[in-house]
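# Coordinates in review
Here is what each chain is made of, one letter per residue.
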Amino acid sequence: MNPYILATLLLSLGLGTTITFASSHWLLAWMGLEINTLAILPLMAQQHHPRAVEATTKYFLTQATGAATLLFASTSNAWLTGQWDILQMSHPFATTLAILALSLKVGLAPLHTWLPEVLQGLDLTTGLILSTWQKLAPFALLLQIQPANSTILIILGVTSTLVGGWGGLNQTQLRKIMAYSSTAHLGWMILILQFSPSLTLLTLLTYLIMTSSTFLVFKLNKSTSINMLATSWAKAPALTTLTPLILLSLGGLPPLTGFMPKWLILQELTKQDLAPIATLTALTALLSLYFYLRLTYAMTLTMSPNNVTGIAPWRLHSSQLTLPLAILTMATILLLPLTPTMLTLLTL
C-alpha cells in the first residue's frame, strides 16, 4: 500500500477514536465510530485475497448494523427524554439497545459470531489493530452509559466468558483462538463495569498489552496455526522460551500480569454478594486456560518433524522491529507487583 494512503488511513483511525473519546453528544460519538469503521476497511481488504474481501464485507455489515442500532437507541432516548447527552442516557429501552449495539461492535457473546470469521480472513497486523485499537471507542461509550438495570451486563459478561472459553477449545487457527480469547476477556470487563469502572479500565489495559505481545510473537514467527507454532523454536529460540509465559499470562495465572485483573474482579464480585457469578467466571477461565496450554505444549514440548533445512532460519537476521515486542513481553510477564500502583493511578 502507498505510504501516504496508509498514513491517511491510520490518522483517520486515530481521529475516529479521538472524536468518540472527546464527544458528549451521541451524534458526534456515532460519527467517530463511523470514521473508525471506514478507515479500517481498506486496511482489511489490502491483501486482495477472496478471504480478506469476505472478512471486510462481514465486518462492514456488522459494524453498520451496530452503528444503525446505536443511532436508533440515541434517537429514541432523545425522543423519550429530550436529551442527546451520552451521560444522560436514562430511559431503560434506549440504554439496553445502546448496550447491545456496542456489544455487537466489540464482539461480546452472543453477538460475537462475526469476530472469529473476520479475524481469520485478515493478516496478523490488521488483526492486531482489530483486536486492540478498535475496542477502545465502543468501550469509552460503554463506560459512560450507567444502566439502572444491571442484569443485561451480567448476562453478557457471563455468556462471553463461557462462549469465549468454549469456542476456542477446538480451534487450530491462531487468529480464531485470539478472537475467542478476546470475547472471553471482554466478558470479564463488562461483568465488572457497573460495580467498578476503574477496574474495567485496568482489565482493558492489561488485555491490550497481552494481546499485542501475543500477536507480535505470531507475526515474528509468521505463524497462523498451531502446527506453524511448532517450528518457531528454530526461528527464535529465546522468544519461544518466553512465549509460554505470555500465553499463561493471557490465561490469568499468577505470578504473571494477567492474574491481576481476574483476581481484583473476583474480589469485587464477592464484595457485591455475587459469589455464584464469581465462581462461574473463575471456572470459565479454566476453559480459556486449556487452549493457551495447548499452544504452549505445541510450541515447547513437541518437536516438528523437520528436515535439516528447517532448523536453520534462526541464523538469518530478522528485519522486523523487535523493540515493541520486547517492551510488551516484559509488561505481560512482570506487572503483577505493580498492582497497588496501578489501582492508585486508576482511582485518582
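Residues numbered from 1 in each chain as written. Predicted model: local features only at pLDDT ≥ 70, side-chain atom pairs only at ≥ 80, totals over all residues. Heavy atoms only, no water.

## Regarding the nonpolar core
One broad trend across soluble globular proteins is that nonpolar side chains are buried collectively. In terms of nonpolar packing, the biggest core is built from 41 residues, with I40, Y59, V118, L130, F218 and L295 touching the most fellow members. Domain assignment of the residues forming this core places at least three in each of domain 1 (1-123) and domain 2 (149-306 + 321-347). If near-sequence neighbours (up to four positions away) are discounted, L295 is found in contact with L174, I177, F218, I226, L229 and L247. Core analysis: the second largest hydrophobic core is formed by 31 residues, A29, L33, A101 and I190 among them. (Core = buried A, V, L, I, M, F, W, Y, C linked by side-chain atoms within 4.5 Å. Buried < 20%, exposed > 50% of the residue type's maximum accessible area, 1.4 Å probe, protein only. Domains from an automatic or database assignment. Contact = heavy atoms within 4.5 Å.)

## Digging into helix α6 (residues 124-131)
The buried count for α6 comes to seven of eight residues, which makes it a mostly enclosed element. By the burial criterion, the buried members of α6 are L124, T126, G127, L128, I129, L130 and S131. (Helix = DSSP H or I, 4+ residues; strand = E, 2+ residues; numbered from the N terminus.)

## Some remarks on the side chain of S213
Along the chain, S213 falls in helix α10 (residues 197-221). Accessibility expressed as a relative area gives 0% for S213, which makes it buried. Aside from chain neighbours lying at most four places away, what touches S213 is I246, L325, L328, T329 and T332.

## Quick look at the UniProt feature "transmembrane region" (unreviewed entry) in the protein
The positions UniProt marks with the feature "transmembrane region" (unreviewed entry) are residues 60-80, 92-115, 151-170, 177-195, 201-221, 233-254, 274-293 and 325-346. Helix makes up 90% of residues 151-170 and strand 0%, whereas the separation of the span's terminal C-alpha atoms amounts to 30 Å. (UniProt positions renumbered as here; feature names shortened; annotations may be inferred.)

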